[in-house]
Amino acid sequence: MKITILVPTYRRPVDLQRCLGSLERLDRLPDEVLVVHRPDDDDTKGVLAQAWALPVRAVEVRVEGVVAAVNRGFDATTGDVVVMIDDDAAPHPDWLTRIVAHYDADPKLGALGGRDVIYVAGEAVLPGEQEVGTVSWYGRMVGAHHLGVGDARSVAVLKGVNMSFRTAALRDHRADERLLGRGAQVHFEVGLCNDITKDGWRIVYDPHVLVDHFPSVRHDSDKRSGFAFDAQFNKAHNEEVMILDHLKSWQRPAFVIWGFAIGTSDVPGLLQLPRIALMGRQVPVQRLVASWRGRAKGMGTWWRTHR
């Protein structure tokens, strides 16, 4: 089985150096490592010019955003399995060995993800969740991939920092270009997982497939900390489009009502307003307005473009 590792990156040379160094220390080395970057990213070119004990190949993408980078990488891969990792993550030594074992054992496995051990101020966030990567009948999505415990199990969605696909499952699919954002374009994973599930492939999450994750700077309005209206708008829009695609026709009205009325603390509806205010989240009313507008825009995007 030929394994390709795909690393989208943009102007994070210290993170990329750590990522590639950790790939050199894997128990099972990849057959190729594709580092997708923009032509103007001299920081990344400097890292790639170093001598690596890996079959590293630079792949240029001229369109900004993770969707274009991921799709460029998918088009360039020659592996039977393409394994994605963010540049600000570092896999554990047995990471690839465990991934290959899953694909060898299950010919219907289309995608596999694992836990990202998030570090905050140098301390690892401890796991403790059984519910990971689910979408309820009315569209409430639970991620929590960094908190998963227990055995490997089937899930609905994976997380881009630590996920892989059988390239046969991706043959007719790519990351969704309808998603908004100039950098992270959150929730692109949801569309990929939804597409291959509809084709009959299994998606599995194994919390023992581990990477360490050191969330780094983003070069767009989504800075991870603080509030930016357009970043919140884009997040809500992307979630709306992806979940409407995921649900059946009879489920979609319930999702729309739930999203505007309740939502989550991350993309709030009206009834979340007191809660996020008590949580100390910045500008709760603006967060609500951005979420509502993003959801409304997402409904329009989905209506015009759904198949």
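Everything below is about the structure shown above.
Below you will find a few notes about this structure. A quick note: this is a predicted structure, and the numbers were derived from the prediction, not measured.

1. Structural notes on helix α4 (residues 95-105)
For α4, every residue scored as buried is listed here: W95, L96, I99, V100 and Y103. An end-on view of α4 places all buried positions within 120° of arc, on one side of the element. Within α4, the exposed residues directed more than 90 degrees away from the buried face are D104 and A105.

2. Let's talk about the packing of aromatic side chains
Each aromatic ring pair is specified by the distance between its two centres and by the angle formed by the two planes. In the structure shown here, the tally under the stated rule is 8 aromatic pairs. An angle of 85° between the planes, with centres 5.4 Å apart, marks the rings of W137 and Y138 as edge-to-face. Under the relative-accessibility criterion, W137 is labelled partly exposed at 48%. For Y138, a relative accessible area of 25% gives the class partly exposed.

3. A short note on the pairing of strand β11 (residues 162-166)
Taking burial as the measure, the 5 residues of β11 include 5 buried ones, the bulk of the element. By the alternation rule, side chains of β11 split into N162, S164 and R166 and M163 and F165, which are all buried. Here strand β4 (residues 81-85) runs beside β11; their pairing, made up of 5 bridges, is antiparallel. Paired with I85 across the two strands is N162, which belongs to β11. Here strand β6 (residues 109-120) pairs with β11 via 3 bridges, running antiparallel. Note on β11: the bridge partner recorded for A111 is F165.

4. Points about the pairing of strand β3 (residues 56-60)
In this sheet, β3 lies alongside strand β2 (residues 32-37) in parallel orientation, the contact comprising 5 bridges. Its bridge partner being in β3, H37 is matched across the sheet by E60. Where the polypeptide runs from β2 across helix α2 (residues 42-48) and back to β3, its parallel neighbour, the crossover connection is right-handed.

5. Digging into the pattern of salt bridges
Taken as a whole and assessed by the stated rule, the structure comprises 16 salt bridges. The residue D15 makes a salt bridge to R18 at a minimum N-O spacing of 2.8 Å. One end of the pair, D15, and the other, R18, are both in helix α1 (residues 13-24), 3 residues apart, so they sit about a helical turn from each other. Here D15 falls in the buried class, since its relative accessible area comes to 10%. As a salt-bridge pair, R57 and E32 come within 3.1 Å of each other at their nearest N and O atoms. Pair noted here: R57 is in strand β3 and E32 is in strand β2, with a separation of 25 residues, a long-range link. You can call R57 partly exposed: its relative accessible area is 34%.

6. Regarding the packing of helix α6 (residues 229-246) against helix α7 (residues 252-261)
One way to put it is that α6 packs onto α7 with a least axis distance of 10 Å and a crossing angle of 155°. For the element pair α6 / α7, the angle class is roughly antiparallel. For the pair α6 and α7, the crossing hand works out as right-handed. Side by side, α6 and α7 meet where E239, E240, I243, L244 and D245 of the first sit next to R252, F255 and V256 of the second.

7. Some words on a nonpolar patch on the surface
A cluster of nonpolar side chains, namely I262, L270, L271 and W292, defines an oily patch on the protein surface of about 370 Å² accessible area. Assignment of secondary structure puts I262 in the loop between α7 and α8 (273-278). Owing to a relative accessible area of 35%, I262 belongs among the partly exposed residues under this scheme.

8. Details of unusual backbone geometry
Positive phi, close to 50°, is recorded for A121, a residue that is not glycine. Structurally, A121 can be placed in the loop between β6 and β7 (123-124). A relative accessible area of 80% places A121 in the exposed class. Located in the positive-phi region is A144, a residue other than glycine, with phi close to 55°. With respect to the helices, strands and loops of the structure, A144 is situated in the loop between β9 (141-142) and β10 (153-154).

9. Some thoughts on the environment of V117
Position of V117 relative to the elements: it lies in strand β6. Each C-alpha atom, one on V117 and one on Q232, is 25 Å from the other, the two residues being 115 residues apart in sequence. Discounting residues that sit within four places of it in the chain, V117 has contacts with A124, L210, V211, D212 and H213.

Each value, and the rule that gives it
Residues numbered from 1 in each chain as written. Predicted model: local features only at pLDDT ≥ 70, side-chain atom pairs only at ≥ 80, totals over all residues. Heavy atoms only, no water. Buried < 20%, exposed > 50% of the residue type's maximum accessible area, 1.4 Å probe, protein only. Helix = DSSP H or I, 4+ residues; strand = E, 2+ residues; numbered from the N terminus. Arc of directions from axis to C-beta. Phe/Tyr/Trp six-rings, centres within 6.5 Å; stacked < 30°, edge-to-face > 60°. Pairing = 2+ DSSP bridges. Right-handed = clockwise from strand over helix to strand, strands pointing away. Salt bridge = Lys/Arg side-chain N within 4 Å of Asp/Glu carboxyl O. Axes fitted to C-alpha atoms, helices over the stretch in contact; angles between N-to-C directions. Parallel < 35°, antiparallel > 145°, perpendicular 65-115°, else oblique. Left-handed = near helix turned anticlockwise from the far one by under 90°. Contact = heavy atoms within 4.5 Å. Patch = residues over 30% accessible without salt bridge, like charges linked within 9 Å, V, L, I, M, F, W, Y side chains within 5 Å. Areas by Shrake-Rupley, 256 points an atom, 1.4 Å probe, with all protein chains shown as cover.

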